[in-house]
Structure formats: C-alpha cells, structure tokens
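Inside the fold
Letter by letter, the chains look like this.
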Amino acid sequence: MFAKIVFPLPFRNSFTYSIPEEFEELVLVGVRVVVPFGKRTLTGFVIDVIEEAETEHKIKPIRDVLDTAPIFGKNELKFYEWVSEYYISSLGEALRNSVPYGLDVESKKKVVSDMDFCFELYKEEKNKNSTRAKVLDLLSQKETYTFSLLQKLAMKKSIYSIVNTLEKKGAVTLLNEIEDAKVKVKKIKHIKLNKNIDDVYASLPEIEKRSTKQVIVLMELLSAPEEEFPLAQLLKKTNSNQSSVESLFKKDLISIFYKEVERKFMETYAEDKKNIKLTSDQKTIVKNVSENILSKSFKPYLLHGITGSGKTQVYIELVRKALDIGRNAIVLVPEISLTPQITTRFYNELGESITVMHSRMSLGERYDAWRGIINGKYRVVIGPRSALFVPLKNIGVIIVDEEHDGSYKQYDMVPKYNARDAAVVKASMNNAPILLGSATPSVESMHNALNKKYELLELKDRINAAKLPLVKLVDVSYEQKNKKMDGAFSKALVDKINDRLQKNESVIILQNRRGFATQIYCEDCGEIEMCENCSVSMVHHINKNILQCHYCGNTKPVPKACVKCGSLSLKFFGTGTQRVEDELLYNFPDVKIERIDSDTLNRKGKLGEILNRFKSGETQILVGTQIVAKGLDFSNVTLVGVISAETTLWIPDFRADERTFQLLTQVSGRAGRSSIEGEVLIQTQNPSHFVLQKVVANDYHGFYKNEIKLREESEYPPFTRICTVETKDDSEHKARGALNDFYNILIKKEASLSISVPQPAMIARIKGKYRFKILIKSQKSIDPSGKYLRKAVLESFIEYNQRSKFSDIKPIIDMDPQSTS
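To keep things clear, this report deals only with the structure shown in the data block. All figures in this text were calculated on a predicted structure; none of them were measured in a lab.

A few words now on the packing of aromatic side chains. Here the structure, examined in full by the defined rule, presents 23 aromatic pairs. Taking 5.8 Å as the distance between ring centres and 55° as the angle between the ring planes, the aromatic pair formed by phenylalanine 7 and phenylalanine 15 counts as tilted. With a relative accessible area of 2%, phenylalanine 7 lands in the buried category. What links up through ring pairs into an aromatic cluster is the set Phe45, Phe72, Phe79, Tyr80, Phe389 and Tyr417. Its guanidinium or amino end placed over the ring of tyrosine 367, arginine 371 lies 5.3 Å from that ring's centre, counting from NZ or CZ. Over the ring of tyrosine 716 we find lysine 777, and its NZ or CZ is 4.0 Å from the ring centre.

Set out below in structure tokens:
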C-alpha cells in the first residue's frame, strides 16, 4: 500500500510514500504522518491511499503516524481543495489550517560555531556591513543557532552559500535535529484508595501513632472513596507532603498513577443567565432558518439587525435547533470582538457542549479543545476565522457574526482566505444553512441579498423597547476657533461626560489609535521621527517612555533633541488612546478609568476582568480602540464619545468610507441599551461629510445606495473581482524588478483583465523590505466566478518562477483583498 502526501509548503503536487506493514491500519485519508523529505524530516497530510505507486523513483517509507483518527475525510478534503484553488495556494498550505500550531514534527537545521575562529574571520572582513560579516559577527557571539534564527538575525534568507563555505573551512558544523511537537497531551499524578473502606479504617489507629499527616490524607480520600484525586491539589488541601503519600503507597493503601487532564480555557468574565423571550421578529427569523436546519439543505441568509436588536439570541436559538436534531454548529466572530460576553451567553444557554478556539488560549488549551472536537466531546465551536477549519463533522448550521469585519480576511499566511466567503462554500458542501449577521452589512453581502443570492432578514427594532441613541457631530475646527478645545476633548464632550458621571452612568470613549502621540516632529527643521525599518512614523508610548513602530515592533528611546538639526523644539503630535486616558484622568481625577487596546490586554483573562469591573460600575469610563466598538452590551452605558472620526476616513482605500460608517455606527450602538436614552458625540473636522451625515441619521440604506453607485463607477467589488500581487525584498531594485517581470508576463495572458502598472505600496517599506504592488480587476459580467483571473495569475506565477532572474523573490498573491494599499 502507498500514501499520497502533501506538505504545508508551496508545492502544488503530492508525494508518494510506502506504508510499512505495522502502519497499514493507521494510515487513512486525513491523518498526519512523519516522513523523510530530502535531507529533512517533515509532517505531511495523507490525501489518498493507493495500491500501486505511479512513480519510477525510489519510494521512501512513512516513519510514523501522528493521529489515531482522521482530521478530515474525503468530503472535507473537497473544501480544502476549493480553498487552495480559489486563493491560489498549495493543498498542503490550505490543510495547515486544520491543525493548531505546535503539532508538527520536523527536522531543524542547527549551526554550531567555533566562536574564536569566527571572530578571527570577522576581523578579516573589510566590509563590516556585508551579509557575511553579519553572519560571522553573530556566530562569534553565540555557539549554537537554529538556521532560521540565524537568517532572521542576519535579516537575509539567502545565507546558505555563506554557511556552507564556513563549514568547509571548519568554522561551523551543521546538524539536522528532529524536533518533536511543541505541545503534547498533559498527564498529572493522581491518587486513589487501593483497599476497601473497612481495611483502610482498620489501619488508621496504627498509622495515627506514627503520622497524623498520613491520617489526614486518608480521611480526605475516604470522603469520596471511588474518586481519583490530583496529587498536587490533595497535598495542598491537606497541607501534607510527598513523603506521607509515598509511605501510604508502600503500605499498599493507595495507588499513584498518571492520568490525562484537559487544559480548558476559563473565561474571567461572568454574567448571570437571563430568561429571554424572543420577539415576534426574532421568532420569524428562527423559524425560517430552522426549516433549512431540519431539512438539511443549504441556504445563505443575511441578517441585517440594528445594534441591540437581539441578533445573539437568534444565533443561540439556531444552534440549539441544530443540537436538538443531533447536528453540530460553528459560530464565527471577529478576533477583535471575541469578547467574553458572547461566549459567556452561549455557555449559559447551551452548557458544556461548547468550546472556543482563539489566540488568547495557550497551545495546550487549543490542542485539548481540538482533540475534544475530533472525539465528539464538543459540538459547538466559537472562534475567529481559524475556527472555520476545526475538524467538526455533521455541521447543521454556520453563523458568521459581524460578517462585515475585515479581520475575517487572513493577512499573514498563505492561503489569504476570507473566512466569511469560505464559510458560505463550507455550508454548501455540508448541506447546511449559513447566517451572516451585522448591523452594518458589507456592501458585497447586501448586494448579494438585494440580487436574491442571499435571503435578506431584518431586525429593525431594539429589544426591550430601547431606542437608538441620539448622534451629534462636534465641529473641532469651530471649537478650536472659539477656544473650546482642551487637548483632544471639546468642551461639549467633557460637559456631557461630566453630566453622565453625575447620574452614575457609564461612558465609552473611542480613539482608533494606540499610544500617546502618533508623531514626534521638529518645529525648526520639520524632521519627523521615522522607523528605521519601515516608511512610517514612530509612536510615543508614555508608560514606558519609548518610541515604537506599530508595523515591525522596533523600539527606541524618546530623543531629547532633533536627530537631524539638534533643536530642542520637539513637538508631540497626534492623539492615541494613552493620551486620551491621560487627559480623562486630569479632567476626572476621582473617577476609575480603564483602557482597552492591544497594549493593555497583555495577559490572558485581562479583558474579562476589565469588563467585569465596567459592568459592576466600579469602572465608569472605558477608553479603547475599535475593540470597544463591537460586541459590548452594557445597559448602564448612556454616552459614547468618538475623539476623531477621521482616523479611518482619510485612508486612501476604496473601502475607507465603508469602514468609517461601520465603525462609527457600531460604536454608537453601545449606548442606550436600556430604558435610559443614549447619546453619541463624534468629534470631526468635516461635519458635512456624506458618511458622517448618514451615521447621524442611522441611515444604512442611504449609505449603501451612494456607496454601491461609487463602486460601480470605479469598477470595484461587488462589480469586479480584484487581486493584488506584491513583491518585497531588502533590495528596492530586486523588489521592483521582480514585480516588473511578473507584470510583463501577466499582461500577455488575458485581454479582459484590467492591470495597474507596478507601483510602490502605500507603505513603501516594512520591516526593512521594500514593497511593490499591482492591482488586477476582472469584470464579473465577463468572469463571474473569477476563473479567468485565477488562471492568468497562476500561469503567470508558474512562468515567472521558471523565467525571471528574480525568481528567488516569491510574489505574494491576495485574491479578494480587503485593502488595495
């Protein structure tokens, strides 16, 4: 027997391996195996088992099988094949998403140096800035590096020839070491009684003469004679020591053994279960979608429900319907709004059948949750985009909350999938309905609904007779002229905050920028403190008094004088969440204020703890980035303030207006979720802007009509399918040359495509690499599925790799990008 195996690497083809006799029953489609690959050892996925090999090459055997049950079957494999084909990646790269990080077994190349010899060679180097000099400098400071770390520190991938030359000289030794998975099953010591209760009681008088500690341990075990106790917990509870337990073990009164324990993510946020009665509109929606759950038929729905209209309760009822007929469910939420509130409400309603999968969990917690999904312990999975790929079978319904959110798009790794769009395909392949929910649906989804591709469902009223908040714009330019601005705050906003605090109500303040000041510039020469690795300004973080780049993470001390002209006239410009918090503390010194952004949420459970204090009224003002705009539902919030409406409005991107409308509408919806009417104040320099006027009027449909017209005129989605191709390299010449080569191949492929000329990206340099991009558009009227577009891009990619002198630079293909910048 033979197995066809793919790897999470950019190879389009599969590789054939023989199945040793001892593995024949274990090697099935969907399991992971450890195999030799060239000089390396890798983990791959079995995609087929065959009786005859279709190759003349020598076939290597599989070394190990990592899974006792398949992660996916042949039907699930079709979904991964679609992902790889549509988003232009290898099948192995798509399948990588089916497994949590840390489970691969692979060989790692290590470089062991003769530090003294390397230092002598470094001193001989004339150009100390060359890559060879950098490598020698590193090797003279530390004896052992993994090859990947050496590449990273030298800031160069192509160091193979340098290291090989050094090996021939005897300056380094190269080793291939197999690294096990980073995460494994956790087992801890347990103890239980080894004899019947009468025998244990009979032994107590004799034991008591010698050791009261042993008696205390036995009495605790006798309180639940059939129970298995974790040893560490028992010792802590009884204030005993290891020697007491070992003495009881020698007397054969107890047994000590290892037992697997599940690492379960525990949410710190708590909320009482509420008895909720559905409104007539909610009942109608649940009834409509439930028909497809019961009939096991695919149908896509778009739920347009205003903020506070009870969309979450609709989700819960639909998941309950699926569970009642023995089917399972996936609930996707944006990572940024994976707030403890929605998960707590699902737990309260549906109990222990639920698990979450997200980045705030430890590797062990994710691994145990993943194994629980495979063995059927968990039937409902809640999580961000990656949760779409969990090995959940028999799916009865898929929910995508806040379907408009940009975080459903994978930016970092190949394939660059959109989880919302892929979820529609997955639901179709599982004969299950899918519900896309939002108060501000994406232009593409609403277009699909109005064109009958999706069925449109609406919740037009807030629950419990709550009213939408009153939204007002504050003209910052006018306020400044009349000396009514104090730092980042207008007098109107400060007065409103004070009024709400006097009434013992709560306030949310949004500023969608981290840090204290977004720029430091010299008033004399105009020099702005820039990142050395990126084409962006450094941001001042006052708590550590450092400058930090939000793209590469580079930090440096705050300069005392201008680095260019030496002037002391440095000005801190722009407003981040730290400055907002600082000014609020100055204006309201007796009020507890907390900040939510990626700087403050630096440990697990921190968000839940902050929200607990905010819910109880201990914290009265919550400051944050867009994290505060989504998913928060607190009846005591009556005022929302927006420091600057322009943070997303002025970005040169075709979705800028849409993102601004969505963000401001979403954050406005946090106010007035009870009988007390809410209020929203949005500070802006352009109060007459069309987008802001539609936010004030809460007019989604008016915004949509205007935006869809602009999209059609500009030939952007949903009327076209778009793709970006990016190249990046340490050398500006190479990055530009690589994209020029790709462009020259692509323009000959398909006449119907609209292709922009290669241009520097909006942020031309990130992490020391120069970036160039092209934008490709394909009219849906000609190419409705994007088949011609994908074919042209894939053929160009293959030809580029064969012909270009810059083929070591791999073009990054992004189908349906969220941003063209």
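This is not the end of the story, as more comes after the structure.
Right, let's talk about the nonpolar core for a bit. Judged by nonpolar contacts, the single largest core of 140 residues is most densely connected at Phe346 and Ile776. Excluding residues that lie within four positions of it along the chain, phenylalanine 346 makes contacts with Tyr315, Ile316, Val319, Val331, Gly351, Ile354 and Ile382.

Further remarks concern the sheet that holds strand β16 (residues 395-401). Strands sit in the order β14-β15-β13-β16-β17-β12-β18 across an open sheet of seven strands; the sheet is parallel. Each edge of the open sheet is held by one strand with a lone partner, namely β14 (354-356) and β18 (455-459). Pairwise comparison of adjacent strand axes, ignoring direction, gives a mean angle of 20° for this sheet. Of the strands in this sheet, β12 (300-305), β16 and β18 are in contact with helix α11 (residues 280-295), which crosses β18 at around 150°.

Here we come to the pattern of salt bridges. Following the criterion strictly, the structure yields 46 salt bridges and no others. Notably, a salt bridge pairs glutamate 85 with arginine 790, separated by 3.4 Å at the nearest N-O pair. One end of the pair, glutamate 85, is in helix α1 (residues 74-86); the other, arginine 790, is in helix α26 (residues 787-803), with 705 residues separating them in the sequence. According to the relative accessible area criterion, arginine 790 is buried, its value standing at 9%. For lysine 237, the salt bridge is made with glutamate 220, and the minimal N-O distance between the two is 2.9 Å. With a gap of 17 residues between them, lysine 237 in helix α9 (residues 231-238) and glutamate 220 in helix α8 (residues 212-222) connect regions that are remote in the sequence. Given a relative accessible area of 62%, lysine 237 falls into the exposed group.

The strand order across the open sheet built from three strands is β7-β6-β8, with neighbouring strands paired in antiparallel fashion. For this open sheet the edge positions go to β7 (144-146) and β8 (172-179), each flanked by a neighbour on one side alone. Between one strand axis and the next, the sheet turns through 30° on average, direction left out of account. Pairing between strand β6 (residues 106-113) and β7: three bridges, direction antiparallel.

We now examine the pairing of strand β22 (residues 506-510). The buried count for β22 comes to five of five residues, which makes it a mostly enclosed element. As paired strands, β22 and strand β30 (residues 637-642) are joined by five bridges and run parallel to one another. Bridge assignment links leucine 510 to a residue of β30, and that residue is valine 642. For β22 and strand β29 (residues 621-624), the ladder comprises four bridges, and the chain directions are parallel. From the neighbouring strand, leucine 510 faces β29, where its bridge partner is glycine 624.

The N-to-C vectors of helix α4 (residues 131-139) and helix α6 (residues 160-169) enclose an angle of 55°; their axes lie 10 Å apart at closest approach. In terms of orientation, α4 and α6 fall into the oblique class. Relative to α6, α4 is oriented so that their crossing is right-handed. Of α6, the residues touching α4 (which contributes Thr131, Arg132, Val135, Leu136 and Leu139) are Ile162, Thr165, Leu166 and Lys169. Looking at the contact of α4 with α6 residue by residue, the class counts come to five nonpolar, two polar and two charged.

For the rest of this paragraph, the subject is the pairing of strand β1 (residues 2-6). The buried count for β1 comes to four of five residues, which makes it a mostly enclosed element. Examined bridge by bridge, β1 and strand β4 (residues 40-50) share five bridges and lie antiparallel to one another. Considered in β4, the bridge of valine 6 is made with phenylalanine 45. With four bridges connecting them, β1 and strand β2 (residues 15-18) associate as antiparallel partners.

With that settled, the discussion passes to the environment of isoleucine 798. When you line up the elements, isoleucine 798 lands in helix α26. Overall, the relative accessible area of 41% leaves isoleucine 798 in the partly exposed class. Note: C-alpha distance between isoleucine 798 and phenylalanine 742 (56 residues apart in sequence) is 9.9 Å.

Attention shifts here to the packing of α4 against helix α5 (residues 147-154). It is at 10 Å that the axes of α4 and α5 come closest, and there the two elements cross at 125°. Relative to α5, the element α4 lies oblique. The two elements α4 and α5 meet at a crossing, and its hand is right-handed. Contacts between α4 and α5 involve Lys134, Val135, Leu138 and Leu139 from the former and Leu150, Leu153 and Ala154 from the latter.

Let us look at unusual backbone geometry. Phi is mostly negative for residues that are not glycine, and the peptide bonds are mostly trans. The step from valine 414 to proline 415 runs through a cis peptide bond, and the omega angle for that step is 0°. Along the chain, proline 415 turns up in the loop between β16 and α15 (419-429). For the bond running from proline 717 to proline 718, omega is 15°, close enough to zero to count as cis. Along the polypeptide, proline 718 turns up in the loop between α24 (700-714) and β32 (720-729). If you check the backbone angles, lysine 296 has positive phi at about 55° while not being a glycine. Tracing the backbone through its elements, the reader meets lysine 296 in the loop between α11 and β12. Judged by its relative accessible area of 46%, lysine 296 falls in the partly exposed class. We note that alanine 465 has phi near 60°; this positive angle belongs to a residue other than glycine. With respect to the element layout, alanine 465 can be found in the loop between β18 and β19 (470-475).

Each value, and the rule that gives it
- Residues numbered from 1 in each chain as written.
- Predicted model: local features only at pLDDT ≥ 70, side-chain atom pairs only at ≥ 80, totals over all residues.
- Heavy atoms only, no water.
- Phe/Tyr/Trp six-rings, centres within 6.5 Å; stacked < 30°, edge-to-face > 60°.
- Buried < 20%, exposed > 50% of the residue type's maximum accessible area, 1.4 Å probe, protein only.
- Lys NZ or Arg CZ within 6 Å of the ring centre and 35° of its normal.
- Core = buried A, V, L, I, M, F, W, Y, C linked by side-chain atoms within 4.5 Å.
- Contact = heavy atoms within 4.5 Å.
- Pairing = 2+ DSSP bridges.
- Helix = DSSP H or I, 4+ residues; strand = E, 2+ residues; numbered from the N terminus.
- Axes fitted to C-alpha atoms, helices over the stretch in contact; angles between N-to-C directions.
- Salt bridge = Lys/Arg side-chain N within 4 Å of Asp/Glu carboxyl O.
- Parallel < 35°, antiparallel > 145°, perpendicular 65-115°, else oblique.
- Left-handed = near helix turned anticlockwise from the far one by under 90°.
- Nonpolar A, V, L, I, M, F, W, Y, C, P; charged D, E, K, R; others polar.

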